[in-house]
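Inside the fold
Chain residues, written in single-letter form:
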Amino acid sequence: MELRGFEVGKAAVVAGWATSAQEVSLLSGRTAFPFPVELAGSWPKVADDVRSYLYYVGGEPVGYGELWLDDDEDEIELARIIVRPGSRGRGIGTAFVKALLGPALEAGYSEVFLRVRPDNDVAIRTYRRVGFEYVAADLADEWNKDQPVAYTWMQYPTS
């Protein structure tokens with residue numbers, strides 16, 4: 001198992017992992033299915049403060065995820081985490097999130113967060129298994145104020 005930087009040439013592979021319009025929505029807020037390859041290819045180019053990764057098992061990419069760095073808020077957010085359909089339900093997601101935590105924690109930000117749609121029970125269970133905790137309801141309400149969805153916000157204990 002290995003975490004590597006994302007290569008834009010793998011965008012079509014990652015785009016193919018969204019198996020329904022619902023999964024496309026979970027990743028991007030869009031409902032177009034199949035997932036637009038050019039959208040996945042554009043993710044790493046959006047901003048200099050985004051780090052994109054692929055997670056490999058047996059030489060094959062099985063996971064994609066990003067770290068969004070926020071110097072002003074001294075925090076980092078894990079984002080756009082997806083596991084290849086054939087690799088789901090086998091603990092790959094848990095191992096992948098743990099692997100993403102490596103560079104997230106090494107970056108030295110004081111807080112590590114993620115947000116997930118509240119109906120994504122599988123992801124929430126995975127994040128809880130890794131050690132993420134729910135943020136306080138009033139803080140989640142504040143952060144959701146300008147969001148298109150009332151996300152479930154979670155934080156990884158860094159101290």
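It should be emphasised that the depicted structure is a prediction, and the values quoted were computed from it without experimental measurement. (Residues numbered from 1 in each chain as written. Predicted model: local features only at pLDDT ≥ 70, side-chain atom pairs only at ≥ 80, totals over all residues. Heavy atoms only, no water.)

Description of the packing of aromatic side chains
This structure, assessed with the given rule, holds 7 aromatic pairs. Here the aromatic rings of Trp 143 and Trp 153 are separated by 4.9 Å at their centres, their planes lie at 65 degrees, and the arrangement is edge-to-face. Separated by 10 residues along the polypeptide, Trp 143 in helix H6 (residues 137-144) and Trp 153 in strand S7 (residues 152-156) bring together distant segments of the chain. Among the residues examined, Trp 143 registers a relative accessible area of 22% and is labelled partly exposed. Relative accessible area serves as the criterion here: at 8%, Trp 153 is assigned to the buried category. Here the aromatic cluster, defined as three or more aromatic residues joined through ring pairs, consists of Phe 113, Trp 143, Tyr 151 and Trp 153. Its guanidinium or amino end placed over the ring of Tyr 56, Arg 4 lies 3.7 Å from that ring's centre, counting from NZ or CZ. Above the ring of Tyr 151, the side-chain terminus of Arg 115 is found at 5.3 Å from the ring centroid. (Phe/Tyr/Trp six-rings, centres within 6.5 Å; stacked < 30°, edge-to-face > 60°. Helix = DSSP H or I, 4+ residues; strand = E, 2+ residues; numbered from the N terminus. Buried < 20%, exposed > 50% of the residue type's maximum accessible area, 1.4 Å probe, protein only. Lys NZ or Arg CZ within 6 Å of the ring centre and 35° of its normal.)

Considerations on the pairing of strand S4 (residues 75-83)
Buried residues dominate S4, accounting for 7 of its 9 residues. Of the pairings in the sheet, the one linking strand S3 (residues 60-70) to S4 comprises 7 bridges and is antiparallel in character. Residue pairing in the sheet places Glu 66 in a bridge with Ala 79 of S4. Linking two consecutive strands that pair antiparallel, namely S3 and S4, is a turn of 4 residues; a positive phi of about 55 degrees is found at Asp 74 within it. (Pairing = 2+ DSSP bridges.)

Side note on the confidence of the model for the chain
The share of residues in the chain with pLDDT of 70 or more is 94%, and the mean pLDDT across the chain is 89. The secondary-structure element of the chain with the lowest mean pLDDT is helix H3 (residues 37-42), recorded at 69, while strand S6 (residues 133-134) shows the highest, at 98. (pLDDT = per-residue confidence, 0-100.)

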